[in-house]
Amino acid sequence: MALYLGVMSGTSLDGLDIALIESGKRVDLLATCYLPMPPDLRQALLNLCSSGPDEIARAAVAENRWASLAAEGIRQLLDQQGLQANAIRAIGSHGQTIRHEPSRGFTVQIGNPALLAELTGISVVADFRRRDVAAGGQGAPLVPAFHETLFGHLGQRLAVLNVGGFSNLSLIERDTPVQGFDCGPGNVLLDAWIERKRGRTYDADGAWAASGQVKHDLLASLLSDPFFAGSGPKSTGREVFNLPWLDGHLARLPAYREEDVQATLLELTARSIIEALQNAQHNTQALLVCGGGARNGALMARLAQLLPQAQVSSTGAHGVDPDWVEAMAFAWLAHCCLEGIAANRPSVTAAKGLRVLGAIYPR
């Protein structure tokens with residue numbers, strides 16, 4: 001058993017999740033740290049998700065700031081636990097995705113792992129996605145193998161759902177290779193719409209969505225996007241689902257109340273998840289939810305309504321805090337890289353075969 005740190009910054013860009021795990025024959029979460037994303041850094045990273053002037057220099061400045069923020073969080077966590085840097089075998093750093101276009105052969109995560117290693121005195125494993133893309137895969141999602149490690153022993157026909165900015169499913173059945181794919185937008189459109197209309201970065205507990213009514217003509221228009229028709233392996237990102245995409249649909253339809261749009265976006269998230277799940281795994285017995293969406297009561301209730309035959313709960317019901325699953329996953333991916341263990345799953349990403357993921361930046 002050895003100690004690893006995982007650093008995760010997702011598409012919501014609300015902050016950095018840092019998890020300390022012990023990994024070997026089992027994986028145990030030992031401690032956590034969360035650092036809010038400074039608003040100006042959040043905006044700089046969002047701006048990098050689309051083309052603009054001086055992109056290379058802006059990306060370099062932003063990733064240095066990201067690495068410095070991560071290093072500060074790591075220092076805080078180690079101090080809280082009374083640990084020295086040399087007690088940690090490695091940091092698994094997801095970095096911040098600014099472009100994800102596997103159909104064009106690339107995915108880009110920034111976070112300057114060399115600087116992170118220099119600032120912390122700890123070896124860093126980063127750049128997990130590009131090896132899978134080089135092998136013809138989607139490069140995402142990468143967490144299904146970790147979900148299988150955590151929950152495969154339950155012996156049920158189960159699905160693990162991560163709802164961050166985007167939603168992805170891991171399908172776990174005994175004696176069957178784990179399956180997985182992105183379902184579509186998770187919180188990304190919900191967050192963007194409420195920020196535009198209410199100046200808030202997220203819809204706490206889905207309360208604003210719950211105050212509105214689903215507009216079924218809008219929902220049908222949104223669900224007509226070709227992404228939803230395809231089966232896995234598939235992945236997506238802000239390149240596809242964003243406010244201009246939503247605006248294009250709204251422009252072709254009558255004007256709606258703002259809260260009705262929010263209600264419809266929540267229904268889009270829930271419906272796209274459950275329809276994808278039912279198409280890919282019949283008779284699901286349990287749906288375990290992690291990520292920020294697990295804290296959205298309105299979304300959790302709707303998922304349970306749409307999947308009445310299954311037990312719908314957060315991963316917390318099985319002893320794993322839903323807020324920290326992804327940070328734990330990238331700590332575990334660092335462990336796999338250093339041990340030479342292949343951590344992608346061709347059944348998930350469509351890569352040509354199993355690959356050891358990540359690039360190592362020694363301390």
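All values reported here derive from a predicted model rather than from experimental measurement. (Residues numbered from 1 in each chain as written. Predicted model: local features only at pLDDT ≥ 70, side-chain atom pairs only at ≥ 80, totals over all residues. Heavy atoms only, no water.)

> Help me get a handle on the packing of helix α8 (residues 216-223) against helix α11 (residues 258-280), residues and values and all.
Between two packed helices, both the angle of their axes relative to each other and the distance between the axes serve to describe the pair. At a minimum axis distance of 10 Å, the contact between α8 and α11 shows a crossing angle of 45°. As the angle between them shows, α8 and α11 are arranged oblique. α11 is crossed by α8, and the crossing has right-handed handedness. Facing α8, whose interface residues are L218, L219, L222 and L223, α11 presents V261, T264, L265, E267, L268, R271 and S272. Residues that form the contact of α8 with α11 fall into these classes: seven nonpolar, two polar and two charged. (Axes fitted to C-alpha atoms, helices over the stretch in contact; angles between N-to-C directions. Helix = DSSP H or I, 4+ residues; strand = E, 2+ residues; numbered from the N terminus. Parallel < 35°, antiparallel > 145°, perpendicular 65-115°, else oblique. Left-handed = near helix turned anticlockwise from the far one by under 90°. Contact = heavy atoms within 4.5 Å. Nonpolar A, V, L, I, M, F, W, Y, C, P; charged D, E, K, R; others polar.)

> So what about the packing of aromatic side chains? Which residues, and what values?
On inspection of all chains with the given rule, the structure shows six aromatic pairs. Taken together, a centroid distance of 5.4 Å and an interplanar angle of 45° make the contact between F146 and W332 tilted. In this pair, F146 is assigned in helix α5 (residues 144-151) and W332 in helix α13 (residues 325-339), connecting sequence segments 186 residues apart. Take W332: its relative accessible area is 8%, and that puts it in the buried class. Members of the aromatic cluster, each reached through a chain of ring pairs, are F227, F228, F241 and W245. Directly above the aromatic system of F227 lies the positively charged group of K234, at a separation of 4.2 Å from the ring centroid. (Phe/Tyr/Trp six-rings, centres within 6.5 Å; stacked < 30°, edge-to-face > 60°. Buried < 20%, exposed > 50% of the residue type's maximum accessible area, 1.4 Å probe, protein only. Lys NZ or Arg CZ within 6 Å of the ring centre and 35° of its normal.)

> Residues and numbers for the UniProt feature "binding site: ATP" (unreviewed entry) in the protein, please.
In the numbering used here, UniProt assigns the "binding site: ATP" (unreviewed entry) feature to G10, T11, S12, L13, D14, G15, L16 and D17. Looking at the secondary structure, you find L13 in the loop between β1 (2-8) and β2 (15-23). Classification of L13 as buried rests on a relative accessible area of 1%. Setting aside residues no more than four positions away along its own chain, L13 makes contact with M37, R42, L45, L46, Q96 and R238. (UniProt positions renumbered as here; feature names shortened; annotations may be inferred.)

> Describe the nonpolar core, with residues and values.
With 47 residues, the main nonpolar core has L169, L246, L265, L287, V289 and L303 as its most contacted residues. At nine residues, the largest contribution of residues to this core is made by α11. Beyond its immediate sequence surroundings of up to four residues, L287 is in contact with A159, L161, L169, I274, L277, L307, Q311, V312 and S313. The next biggest cluster of nonpolar side chains, apart from the first, holds 37 residues, and it includes Y4, M8, A145 and F151. (Core = buried A, V, L, I, M, F, W, Y, C linked by side-chain atoms within 4.5 Å.)

> Describe in detail the sheet that holds strand β8 (residues 158-163), supporting the description with residues and values.
With mixed pairing, five strands are arranged side by side in an open sheet as β10-β9-β8-β11-β12. What marks the edges here is a single partner per strand, and that holds for β10 (176-185) and β12 (311-314). For this sheet, the mean inter-axis angle between neighbouring strands, taken without regard to orientation, is 20°. Relative to β10, strand β9 (residues 166-173) runs antiparallel, the two sharing seven bridges. Of the residues in β10, the one forming a bridge with L171 is Q179. Of the strands in this sheet, β8, β9, β10 and β11 (286-290) are in contact with α11, which crosses β10 at around 155°. (Pairing = 2+ DSSP bridges.)

> Go over the sheet that holds strand β4 (residues 90-93), please, and point to the residues and values.
Strand pairing in a sheet relies on backbone hydrogen bonds, with the paired strands running either antiparallel or parallel. Pairing in this open sheet of six strands is mixed, and the strands run β3-β2-β1-β4-β7-β13 from one edge to the other. Only two strands of the sheet have a single neighbouring strand rather than two, namely β3 (27-36) and β13 (359-361). When the angles between neighbouring strand axes are averaged without regard to direction, this sheet yields 20°. Along the sheet, helix α3 (residues 113-120) contacts β4, β7 (124-126) and β13; its crossing angle with β7, the most-contacted strand, is approximately 160°.

> Lay out α11 in plain terms, naming residues and giving numbers.
With 23 residues, α11 ought to run about 33 Å at 1.5 Å a step, and its terminal C-alpha atoms sit 33 Å apart, in line with that. The buried fraction of α11 is high, at 17 of 23 residues. (Expected span 1.5 Å × (residues − 1).)

> Account for the side chain of D17, with residues named and values stated.
Along the chain, D17 turns up in strand β2. Although D17 is buried, it forms no salt bridge, and the closest oppositely charged side chain is R295 at an N-O distance of 10 Å. (Lys, Arg positive; Asp, Glu negative; His and termini not counted. Salt bridge = Lys/Arg side-chain N within 4 Å of Asp/Glu carboxyl O.)

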